[in-house]
Structures are given as C-alpha cells and as structure tokens.
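Descriptive structure summary
What follows is the residue order along each chain.
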Amino acid sequence: MAVIAHLRIPADSFELGRILELEASGTIELENMVPLGEKAVPFFSVSDEVRESFEKNVESHPSVERIIEVTRHNGDRLYSLDWNVARDVFFQGVLDLRGQLLSATGTPNTWEFEIRFPTHEALSEFQEYCSNAHISLEVGRIYNPVRPGTGMWYGVTKAQREKLMRAVQGGYYSIPRRMSTQDLADDLGISDQAVTERLRRAIETLTENTLIAMEEELEEEFKPI
C-alpha cells in the first residue's frame, strides 16, 4: 500500500538545496521532477523579487550544466535545471526507492517535501538511508492515500456512484438547488426514499474512506529520526 510522507530537511544538507540557494526573503516551489534517461530534471518557480541573484547563484554552481527559463506568469518564473542528480544523495535515494515527488517548498534554511513511496517499508528504508548518509531528516505527517481494501472507488458501489454523480451534475448540491430528490428519482426510475438513502450511504462511505482515513493516519508532530 502506498504511503505519503511530509519530510523536512535543512537546505544545506542536500545538493539541490545548496544549488538553489536563496536570499533571506526568497521561496522556491519545486513543481516537478521529470526523469529523462539517467537524469532527473527539476522544474521550479521563483518570484521576480529574488530572480536576479538566484540565477547568478545557480549558474555558478559546479553541478549545474544550465538553467532554462520556461515561462513567466504573475510575477513568477518557471525554470528547468540541467544538473548532475548523481551528486545529490537525497534525491538519489528518492529515485532508488521509487519515491514520487508530490510537492516541495524551499526557504533559505529549510526544505519541506511531500513524497509518495510505494510501501511503508520503502519509506522506512529511505529513513535509514538518510540516517546512514548523515542527512538530518524530520518526518512529519504520514498517511495512506485511501483506506486499504477500498479499491479505486473508495468503497462506493456502482449504484451509489451513479446516483451521487447524477445528483452533482444535475445541480442537487448547487446553491440555489436545481434538482430535488424527486427529480432525481424520476430521472433514475426509483423512489425518492431510495435516492436519499443511496446518496447518504455514498457520501458516508466516501468520507470515511478518504477524509477520515487520512485524518487517522496523520502524525501532527515532526519527529527527527
């Protein structure tokens, strides 16, 4: 079962953090990490306020082959980075253990990551890997994307899905409401009571197997390993 972990590490404890050095007020959003052959190309956004000094720092780093401005939008610039990922022990561990980067935010002192690992065991191996590499890793919230055994539909049956999707699409939950349960019952050829019960069960099941399941897995405090 896949597991998602929120991690925090000092910016100077991994190669990409040292490459993407920031001024005191800067923030970086790592948008994606795209594997290309033996490379892993990061795409990240930087605000215009720190762009000039940021580009100089990155371009002068020995691990960087080139930095490319991809787009500009609302005061932010999206870059791609051509670099030697093999020199980054942290990201090499993520790749080796088949981790998937979901989000990452960097400040001058700290980076926070949300990474999906294929199993709890893979996450444990990654924690041990970082410990052996002397990377100061803090593990925060850990949770499964969905409750085990619920499948791709989160435990909601086909009949329940049909009613719930039709209710949403027809405007039953809109403000103002565009469809009543009787309208939905007539449309589906069942009773008003059957519609109400199936909607209630669908919403209850969906909430239990997503929001509640995630909440049960949360660990509120960051725990250094």
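A brief report on the enclosed structure follows. (Residues numbered from 1 in each chain as written. Predicted model: local features only at pLDDT ≥ 70, side-chain atom pairs only at ≥ 80, totals over all residues. Heavy atoms only, no water.)

**Brief notes about the overall build of the protein chain**
A tally of regular secondary structure across the protein chain gives seven helices and nine strands. Restricting to contacts in the protein chain with at least 6 residues of sequence separation, those with at least 24 account for 65%. Carbon and sulfur atoms make up 48% of the accessible area of the protein chain, which amounts to about 12,600 Å² in all. (Helix = DSSP H or I, 4+ residues; strand = E, 2+ residues; numbered from the N terminus. Contact = heavy atoms within 4.5 Å. Areas by Shrake-Rupley, 256 points an atom, 1.4 Å probe, with all protein chains shown as cover.)

**A word on a negative patch on the surface**
Taken together, the side chains of Glu29, Glu31, Glu49 and Asp76 present a region of like negative charge at the surface. Looking at the secondary structure, you find Glu49 in the loop between strand E3 (39–47) and helix H2 (51–59). (Patch = residues over 30% accessible without salt bridge, like charges linked within 9 Å, V, L, I, M, F, W, Y side chains within 5 Å. Salt bridge = Lys/Arg side-chain N within 4 Å of Asp/Glu carboxyl O. Lys, Arg positive; Asp, Glu negative; His and termini not counted. Charge placed at Lys NZ, Arg CZ, Asp CG, Glu CD.)

**What to know about unusual backbone geometry**
Going from Ile175 to Pro176, the amide bond is cis rather than trans, its omega being -5°. Position of Pro176 among the secondary structure elements: in the loop between helix H5 (158–170) and helix H6 (181–188). The phi dihedral of Arg98 is positive, around 60°, even though this residue is not glycine. Tracing the backbone shows Arg98 in the loop between helix H3 (89–96) and strand E6 (100–106). The phi torsion at His134 lies on the positive side, around 60°, for a residue other than glycine. Inspection of the secondary structure puts His134 in the loop between helix H4 (120–132) and strand E8 (138–143). Relative accessible area serves as the criterion here: at 74%, His134 is assigned to the exposed category. (Buried < 20%, exposed > 50% of the residue type's maximum accessible area, 1.4 Å probe, protein only.)

**Some words on H5**
With 13 residues, H5 ought to run about 18 Å at 1.5 Å a step, and its terminal C-alpha atoms sit 18 Å apart, in line with that. Along H5, the residues that are buried comprise Gln160, Arg161, Lys163, Leu164, Ala167 and Gly170. Phi turns positive one or two residues past the end of H5, at Gly171, with a value near 95°. (Expected span 1.5 Å × (residues − 1).)

**Regarding H6**
Those residues of H6 that fall on the buried side of the exposure criterion are Thr181, Leu184 and Ala185. Each buried residue of H6 lies within a common arc of 100° when the element is viewed along its axis, so the set occupies one face. Following H6 by one or two positions, Gly189 has its phi on the positive side, about 75°. (Arc of directions from axis to C-beta.)

**Digging into the pattern of salt bridges**
According to the stated counting rule, one finds eleven salt bridges in the structure shown. Where Arg72 meets Glu69, a salt bridge forms, and the shortest distance between an N and an O atom there is 2.5 Å. Classification of Arg72 as exposed rests on a relative accessible area of 58%. Taking the shortest distance from any N to any O, the salt bridge between Lys163 and Glu162 comes out at 3.1 Å. Using a relative accessible area of 43% as the deciding quantity, one classes Glu162 as partly exposed.

**Quick notes on the pairing of strand E1 (residues 3–10)**
Along any regular strand, the residues point their side chains to alternate faces of the sheet. Within E1, six of the eight residues are buried, which leaves it mostly tucked inside the rest of the structure. Pairing geometry for E1 and strand E7 (residues 110–117), over eight bridges, is antiparallel. In the sheet register, Ile4 faces E7, and the bridge partner there is Arg116. Bridge analysis of E1 against E8 gives four bridges, and the strand direction is antiparallel. Residue pairing across strands places Leu7 opposite Val139, the latter belonging to E8. (Pairing = 2+ DSSP bridges.)

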